[in-house]
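Take a look at the letters that make up each chain.
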Protein chains: 2
Amino acid sequence: MRISWFRIIFASPFTNNYMSKLLIVGTVAFDAIETPFGKTDKILGGAATYIGLSAAHFNNVDSAIVSVVGDDFPQEYLDLLSSKNIDISGIEIVKGGKTFFWSGLYHNDLNSRDTLDTQLNVLADFNPVVPQNFKDAEVIMLGNLHPNIQISVLDQLTAQPKLVVLDTMNFWMDCALEELKQVLKRIDVLTVNDEEARQLSGEYSLVKAAEIIHTMGPEYVVIKKGEHGALLFNDNQVFFAPALPLKEVFDPTGAGDTFAGGFSGYMAQQGNVSFNNMKNAIIHGSNLASFCVEKFGTQRMEQLEKEEVNTRLQQFKMLTQFDIELTQ
Amino acid sequence: MRISWFRIIFASPFTNNYMSKLLIVGTVAFDAIETPFGKTDKILGGAATYIGLSAAHFNNVDSAIVSVVGDDFPQEYLDLLSSKNIDISGIEIVKGGKTFFWSGLYHNDLNSRDTLDTQLNVLADFNPVVPQNFKDAEVIMLGNLHPNIQISVLDQLTAQPKLVVLDTMNFWMDCALEELKQVLKRIDVLTVNDEEARQLSGEYSLVKAAEIIHTMGPEYVVIKKGEHGALLFNDNQVFFAPALPLKEVFDPTGAGDTFAGGFSGYMAQQGNVSFNNMKNAIIHGSNLASFCVEKFGTQRMEQLEKEEVNTRLQQFKMLTQFDIELTQ
């Protein structure tokens, strides 16, 4: 990483101006989406794409994506990621290979969906290679992938990261539970949805589920409840961030990954791990996810401006902040 | 109402010590409940019972219940309500009549239930009579009942209340929608759950549902989402209170009414209607409801101490309050 003299001169403990590295691992893919509001052809998708576009909203963070695509993947999509200052040297392009493709149909309530098609393609033989200058990244965001790929990335690191965040899903609990348990021992934060937390722990109560998951490794457990918000558990502390109530939800694809990108991007920016920072990270993640669902695919996130982000953060404050006298 | 000299002497605008009247209308009944954790015989139940026990936690509020029971209703239950300083002169006791009875079975997730038995009994011919000294009550809490009964209570008032809160359910939307629409024109706050808000408005998005319901009369709409918290809508303002994440939920019966009791009790105590007060009222309602579900029926609410209530309010603060720099 080249640090310009400009940055060094203006870096100070007061302005929090040092650069931090965020390593993102996950799919870069094609999606075809159908919701009650319309349908798309093959468009840009993938967990790492959404994470990257979301994390790009935090100053002083150098991000890199580790992933794989086929040579059918348009250069303009790669250029888009580069234009957001995301290092794409870790995205392998397989000659003659086809990019991972997912197709899904959302039901009327947008809370459930059917997978219509999954074509692993180049993902089937993916061996992640971490770029040399990101082997000492401060924050590692392991997007939803086979646990063995997530482990392989951790094995390539040359320095102990400040924070390792892992996202996973029920699919890996069904078919790679032992491997998942291995990687859980090596991470700090697990993000899963409520049903996945219940499946992994065998407990219905999310409080109890988080307690069980703590014993599997992660010190912090984030349970995502979609339109019902997200919970952060750490020992006996709990924090909750609602989802912003929206008039229209257009396409929920990528909302969880956008949340993870906001969470890990903010933590990388802050540079130190505390429950207080993690509370704010949950809010930033929820805030960015609230934009993601407003248009199809990555469309909204590609155009999102800082001013809009700040305005909506203010709405989050108004939505949740109160002042009660306890002595009444 | 007799105001003691002690109270008059110590009343001042600084200590918010004036007495306010809260009129509660709703069922006082027998419930028989079965949850995955056990089952009860006929125990004390009814919307007005839960509302009253919850509102009893607010100082400087004189509450009265308007309801009807049969002479099979135990004196000890009436004594319990009196012991909480609830005026029960408006609870009619029908000689030879049988008290309203409801029996329900909760499923494993406690989010859904089957009604096993409903015996209207004396409720079938209930004509509510508002006690003379509560016809000028500041706050009216109309618990879930036939809309015509709710209208009859409003017709008996001799002074314009500061706030009229109405709770209802899908049953009345199915079989008494026109009457419900009539009473909606005369209230300030409607509390319904998410599915009921959707049914009443014909809109899936809760933001849009609240907009439609505003046009039906209520200036404030509270949408209860059970374990997922509650939303308060007023014009373009929205506030959200989560439910406290609990290790064990034992019996959800009465949680919505306990919420309504905390909400209306707090508003009566404060004496003036503002969005800010209503935000706090939502928090108090959620806080009290979090106790209600910890034991069968009214058991937990009968014993609940102020100290416990305040401790948990502090937990609500920690659960939701954050401090984000918007300029980052």
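Here the structure is a predicted model, which is why all the values come from computation and not from measurement.

Caption draft 1: A look at the overall build of chain A. In terms of regular secondary structure, chain A is built from twelve helices and 14 strands. Computed over C-alpha atoms, the radius of gyration of chain A comes to 19 Å, within 12% of the 20 Å expected from 2.2 N^0.38 for 328 residues, which places it in the range of a compact globule. Considering only C-alpha atoms, chain A reaches an extent of 70 × 55 × 40 Å along its principal axes. Counting the 328 residues in chain A, one finds 58% classified as buried. Sequence separation of at least 24 residues holds for 64% of the intrachain contacts in chain A that already meet a minimum separation of 6. As displayed, chain A offers around 13,700 Å² of accessible surface, 49% of which is attributable to carbon and sulfur atoms. Here chain A contributes 25 positive and 40 negative side-chain charges, whose respective centroids are spaced 4 Å apart.

Caption draft 2: Representation of the environment of A:F240 in the model. Summarising the element assignment, A:F240 is placed in strand β14 (residues 237-241). For A:F240, a relative accessible area of 4% gives the class buried. Between the alpha carbons of A:F240 and A:I282 there is a distance of 8.1 Å; along the sequence they are 42 residues apart. Those residues in contact with A:F240 that sit more than four places away from it in its chain are A:K225, A:H228, A:G229, A:A230, A:L231, B:F240, B:P242, B:L319 and B:T320.

Caption draft 3: Highlighting the interface of chain A and chain B. Across the contact, 42 residues belong to chain A and 42 residues belong to chain B. Carbon and sulfur atoms make up 54% of the area that chain A and chain B hide from each other, which totals about 4,200 Å². Seen at the junction of chain A and chain B, the total is four salt bridges. Between A:K208 and B:E248 there is a salt bridge, with the nearest N and O atoms lying 3.1 Å from each other. Summed over the shared surface of chain A and chain B, the number is 22 residue pairs in polar contact (both at pLDDT 80 or more). Breaking the side of chain A that touches chain B down by element, the ones donating at least two residues are α8 (206-215), β14, α9 (255-270), α10 (275-292) and α12 (306-320) of chain A.

Caption draft 4: Inspection of the sheet that holds strand β13 (residues 230-234) of chain A at higher detail. Residue and element names in this part refer to chain A. Taken together, nine strands build an open sheet; the order of strands is β6-β5-β1-β9-β10-β11-β12-β13-β14 and the sheet is mixed. Bordering the open sheet on either side are β6 (86-94) and β14, each of which pairs with just one other strand. Direction aside, neighbouring strands of the sheet carry axes that sit 15 degrees apart on average. The pairing of strand β10 (residues 163-167) with strand β11 (residues 189-193) spans three bridges and is parallel. Within β11, the residue paired with D167 across the bridge is T191.

Caption draft 5: Main features of the pairing of strand β15 (residues 237-241) of chain B. All names here are of chain B. Alignment of strand β14 (residues 230-234) against β15, held across five bridges, turns out to be antiparallel. Following the sheet pairing, L232 is matched in β15 by F239. Following β14, the chain reverses through two residues before pairing antiparallel with β15; D235 in that reversal takes a positive phi of roughly 50 degrees.

Caption draft 6: View of the relation of the copies chain A and chain B. Between chain A and chain B, the superposition needs a rotation of 180 degrees and an axial shift of 0.0 Å, giving an RMSD of 0.0 Å. Such a turn and shift between the copies fits a two-fold axis. Looking at chain A, 100% of its interface residues are interface residues in chain B too, so the copies touch through the same face.

Caption draft 7: Region of interest: helix α6 (residues 177-184) of chain A. Residue and element names in this part refer to chain A. Among the residues of α6, those classed as buried are L180, V183 and L184. In a view along the axis of α6, the buried residues occupy a sector of 105 degrees, so they form one face of it. Where α6 is buried, its residues meet α4 (147-155), β10, α5 (170-175), β11 and α7 (194-201).

Caption draft 8: Geometry of the packing of aromatic side chains. One pass over the full model with this rule turns up 16 aromatic pairs over all chains. Consider the rings of A:F30 and A:F73, whose centres lie 5.6 Å apart with planes at 45 degrees: the pair is tilted. Taken together, the residues A:F30 in strand β2 (residues 29-35) and A:F73 in the loop between β5 (61-70) and α3 (75-83) connect sequence positions 43 residues apart. Take A:F30: its relative accessible area is 6%, and that puts it in the buried class. Between the aromatic rings of A:F58 and A:Y266, the centroid separation amounts to 6.1 Å while the plane-to-plane angle is 70 degrees, which identifies the pairing as edge-to-face. Separated by 208 residues along the polypeptide, A:F58 in the loop between α2 (47-55) and β5 and A:Y266 in helix α9 bring together distant segments of the chain. Its relative accessible area of 2% is what places A:Y266 among the buried residues. Put simply, the rings of A:F30, A:F73 and A:Y77 touch in pairs and so form one group of aromatic residues. For B:K21, the ring lying beneath its charged end belongs to B:F134, and the centroid distance is 5.9 Å. Positioned above the aromatic ring of B:Y204 is the side chain of B:R198, whose terminal nitrogen or guanidinium carbon lies 3.8 Å from the ring centre.

Caption draft 9: Structural view of the packing of α2(A) against α9(A). All names here are of chain A. Relative orientation of the contacting elements α2 and α9 amounts to 45 degrees, with a least axis distance of 7 Å. Our classification of the angle between α2 and α9 gives oblique. α2 and α9 meet at a crossing whose hand is right-handed. Contacts between α2 and α9 involve A47, Y50, I51, S54 and A55 from the former and D257, T258, A260, G261, G262, S264 and G265 from the latter. Its residues assigned to classes, the contact of α2 with α9 comprises five nonpolar, six polar and one charged.

What counts, and where the lines are drawn
Residues numbered from 1 in each chain as written. Chains lettered and ligands numbered in written order. Predicted model: local features only at pLDDT ≥ 70, side-chain atom pairs only at ≥ 80, totals over all residues. Heavy atoms only, no water. Helix = DSSP H or I, 4+ residues; strand = E, 2+ residues; numbered from the N terminus. Rg over C-alpha atoms; globule rule 2.2 N^0.38 Å. Buried < 20%, exposed > 50% of the residue type's maximum accessible area, 1.4 Å probe, protein only. Contact = heavy atoms within 4.5 Å. Areas by Shrake-Rupley, 256 points an atom, 1.4 Å probe, with all protein chains shown as cover. Lys, Arg positive; Asp, Glu negative; His and termini not counted. Charge placed at Lys NZ, Arg CZ, Asp CG, Glu CD. Buried area = accessible area lost by both parts, 1.4 Å probe. Salt bridge = Lys/Arg side-chain N within 4 Å of Asp/Glu carboxyl O. Polar contact = N/O pair within 3.5 Å; in protein donor to acceptor, adjacent residues only side chain to side chain. Pairing = 2+ DSSP bridges. Axes fitted to C-alpha atoms, helices over the stretch in contact; angles between N-to-C directions. Least-squares fit on C-alpha atoms with pLDDT ≥ 70 in both. Arc of directions from axis to C-beta. Phe/Tyr/Trp six-rings, centres within 6.5 Å; stacked < 30°, edge-to-face > 60°. Lys NZ or Arg CZ within 6 Å of the ring centre and 35° of its normal. Parallel < 35°, antiparallel > 145°, perpendicular 65-115°, else oblique. Left-handed = near helix turned anticlockwise from the far one by under 90°. Nonpolar A, V, L, I, M, F, W, Y, C, P; charged D, E, K, R; others polar.

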